[in-house]
Amino acid sequence: MADDGSGSDISVPSFLMCKQDGDPVKAELMVNHMVRMEMAWALPSPDDRVEYEFWMVLVPTGGST
């Protein structure tokens, strides 16, 4: 479907969940039941430190190893 420019004020919230959690939700939707969910999580208490993690995936470049 082409965008005619009139949909800029529409947003569809989404998130990922594992299949085990999603299957019961899907089953309810398949029988036309309304499903309401709340997404919530706790943030760590700030302690004036910045914490981070580096994640890497090694990708072969075609050279011999």
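About the thresholds
- Residues numbered from 1 in each chain as written.
- Predicted model: local features only at pLDDT ≥ 70, side-chain atom pairs only at ≥ 80, totals over all residues.
- Heavy atoms only, no water.
- Helix = DSSP H or I, 4+ residues; strand = E, 2+ residues; numbered from the N terminus.
- Buried < 20%, exposed > 50% of the residue type's maximum accessible area, 1.4 Å probe, protein only.
- Areas by Shrake-Rupley, 256 points an atom, 1.4 Å probe, with all protein chains shown as cover.
- Polar contact = N/O pair within 3.5 Å; in protein donor to acceptor, adjacent residues only side chain to side chain.
- Salt bridge = Lys/Arg side-chain N within 4 Å of Asp/Glu carboxyl O.
- Expected span 1.5 Å × (residues − 1).
- Patch = residues over 30% accessible without salt bridge, like charges linked within 9 Å, V, L, I, M, F, W, Y side chains within 5 Å.

Colleague: Which residues make up the overall build of the chain, and what values go with them?
Modeller: A count of helices and strands for the chain gives one helix and zero strands. Here the chain holds 65 residues, and 3% of them are scored as buried. With an accessible surface of roughly 7600 Å², the chain has 59% of that area assigned to carbon and sulfur atoms.

Colleague: Could you give me a rundown of the environment of His-33, with the residues and numbers involved?
Modeller: One can find His-33 in the segment after helix H1 (19–30). Here Glu-28 takes part through its side chain, which lies 2.6 Å from a polar atom of the side chain of His-33.

Colleague: Any chance you could break down the pattern of salt bridges for me, citing the residues and the numbers?
Modeller: Inspection of the entire model under this criterion finds one salt bridge. Residue Lys-19 is joined to Asp-23 by a salt bridge in which the shortest nitrogen-to-oxygen separation is 2.9 Å. Here Lys-19 pairs with Asp-23, and both are found in helix H1, just four residues apart, close to one helical turn.

Colleague: Explain H1 to me, and be specific about the residues and the numbers.
Modeller: Here H1 is 12 residues long and its end C-alpha atoms lie 15 Å apart, about the 16 Å a rise of 1.5 Å per residue gives. Residue Asn-32 follows H1 closely and has a positive phi angle near 60 degrees.

Colleague: Run through a nonpolar patch on the surface, naming residues and quoting values.
Modeller: Together, Phe-15, Met-17, Leu-29, Val-35, Met-37, Met-39 and Trp-41 give the surface a local cluster of nonpolar side chains, amounting to about 720 Å² of exposed area. On the secondary structure map, Phe-15 appears in the segment before H1. Look at Phe-15 and you get partly exposed, because its relative accessible area is 44%.

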